[in-house]
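Okay, here's what each chain looks like letter by letter:
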Amino acid sequence: MSNNEKQGGLHKSVINWYPGHMAKTKRQIGEIIHLIDIVLEVIDARIPKSSKIIDMEEFTKNKPRILIMTKYDLCDKIETKKWVMYYEQLGYKVIPIDLLKDSLTVIYEAIDEIMKEIYIKRENKGMLKRRARILVVGIPNVGKSTLINKLVGKKATNTGNKPGITKSLNWIRINQELELLDTPGILWPKFDKETSYNLAVLTAIKEEILPIDTVCVYLLETLNKYYPYLLKERYGIEQFDEDICVVLEQIGSKRGCISRGGFVDYDKVYALLLKEVKDGVIRNITFDRL
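Heads up: these notes are all about the structure in this document. (Residues numbered from 1 in each chain as written. Predicted model: local features only at pLDDT ≥ 70, side-chain atom pairs only at ≥ 80, totals over all residues. Heavy atoms only, no water.)

**Some thoughts on the nonpolar core**
A general tendency of soluble globular proteins is for nonpolar side chains to be buried together.
Okay, step 1: Grouped together as the largest cluster of nonpolar side chains are 83 residues, with contacts concentrated most on Ile-66, Ile-68, Leu-147, Leu-220, Leu-223, Ile-251 and Phe-287.
Okay, step 2: With near-sequence residues (within four places) excluded, Ile-251 lies in contact with Leu-220, Tyr-235, Ile-237, Val-269, Leu-272 and Leu-273.
Okay, step 3: By size, the runner-up hydrophobic cluster in this structure holds eleven residues, among which are Ile-43, Ala-45, Cys-75 and Val-94. (Core = buried A, V, L, I, M, F, W, Y, C linked by side-chain atoms within 4.5 Å. Buried < 20%, exposed > 50% of the residue type's maximum accessible area, 1.4 Å probe, protein only. Contact = heavy atoms within 4.5 Å.)

**Things to note about the side chain of Glu-179**
Okay, step 1: Relative to the elements of secondary structure, Glu-179 occurs in strand 7 (residues 178–182).
Okay, step 2: Those residues within four positions of Glu-179 in sequence are excluded, and the remaining contacts are Arg-131, Ala-132, Arg-133, Ile-134, Trp-171, Ile-172, Arg-173 and Ile-174. (Helix = DSSP H or I, 4+ residues; strand = E, 2+ residues; numbered from the N terminus.)

**Structural notes on the packing of aromatic side chains**
Okay, step 1: Applying the stated criterion across every chain yields a total of eight aromatic pairs.
Okay, step 2: With centroids separated by 5.4 Å and ring planes inclined at 80°, the aromatic side chains of Trp-83 and Tyr-86 adopt a geometry described as edge-to-face. Here Trp-83 and its partner Tyr-86 are both found in helix 4 (residues 77–89), three residues apart, which amounts to about one turn of the helix.
Okay, step 3: Taking 5.2 Å as the distance between ring centres and 65° as the angle between the ring planes, the aromatic pair formed by Tyr-86 and Tyr-87 counts as edge-to-face.
Okay, step 4: Here a set of aromatic residues connected by ring pairs shows up, and it is made of Trp-83, Tyr-86, Tyr-87 and Tyr-92.
Okay, step 5: Lying over the aromatic face of Tyr-119, Lys-129 brings its terminal NZ or CZ to 4.8 Å of the ring centre.
Okay, step 6: Over the ring of Tyr-226 we find Arg-289; its NZ or CZ atom is 3.7 Å from the centre of that ring. (Phe/Tyr/Trp six-rings, centres within 6.5 Å; stacked < 30°, edge-to-face > 60°. Lys NZ or Arg CZ within 6 Å of the ring centre and 35° of its normal.)

**Overview of the side chain of Lys-71**
Okay, step 1: Among the structural elements, Lys-71 can be located in the loop between strand 3 (65–70) and helix 4.
Okay, step 2: For the buried Lys-71, no salt bridge is present, and the opposite-charge side chain at shortest range is Asp-44, 4.2 Å distant.
Okay, step 3: Reaching out from Lys-71, the side chain makes a polar contact with the backbone oxygen of Asn-141 at a distance of 3.2 Å.
Okay, step 4: When residues no more than four places from it in sequence are discounted, the contact partners of Lys-71 are Asp-44, Ala-45, Arg-46, Ile-97, Asn-141, Val-142 and Gly-143. (Lys, Arg positive; Asp, Glu negative; His and termini not counted. Salt bridge = Lys/Arg side-chain N within 4 Å of Asp/Glu carboxyl O. Polar contact = N/O pair within 3.5 Å; in protein donor to acceptor, adjacent residues only side chain to side chain.)

**Re the sheet that holds strand 7**
Okay, step 1: On the basis of which strands lie adjacent, the open sheet formed by six strands has the order 4-3-2-5-7-6 and mixed pairing. At either margin of the open sheet sits one strand with a lone partner, and together these are strand 4 (93–96) and strand 6 (170–173). Ignoring which end each strand starts from, the neighbouring axes of this sheet average 25° apart.
Okay, step 2: Where strand 2 (residues 38–44) meets strand 3, six bridges bridge the pair, whose relative direction is parallel. Paired with Glu-41 across the strands is Leu-67, a residue of strand 3. (Pairing = 2+ DSSP bridges. Axes fitted to C-alpha atoms, helices over the stretch in contact; angles between N-to-C directions.)

Shown next as structure tokens:
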């Protein structure tokens, strides 16, 4: 791998990628937003800036919003708590959560608190009480479907570690008090370099959008910048060499990513790195910084 090959994708300052169904989803949300009481926006606690939809206000019309920070068990809590405080200062109700283990009581309580004010306003206008209508939005693969399934208490939506699982808007009744509108994952037309690679590392955009080698170079360089001890503990890297090939060779030798000829197989190293992030083996990380 040459220097240009190693760093090629990193030279792009802006990534253009905007599937048609995402534009359609935003348009459809704009058409029904008047029916919605509260917006639940789901973001990844490891990339609390990169995973937040940047133009939310444009199509949710300043509806009350609750920010759900999923995968909180996998983040660097010191860094992510800075983002919690940041968003709270902007007026968000922020709920960090591990959807696999934590109770959803805090989410229900936040919804109830907001709905009390809404019901008072409806009553003052002579309008009848009805089910709370909650819009659930987020970028692909941040745990949106997992959240909905846990709220419902059964598998109401498909889940997986691939972006693009949910394909259309779906109303889901939770109980007599609450119904949700599930939406496909939403992104925006252009990403800056750092955002695009953060999204790629955490599988929020499809693997073919960016070259896997440059994504892994970014991952390794970011881990070395913020969490060099993880590279040492997991892959035996004592000193991060300027030549990324040396680092890849070390990882491949340590973890058995060897081809039939006895050489390190870089493709196997790339697959290993991304899988260990996806599976939460590489944890206690937050890549966005204030």
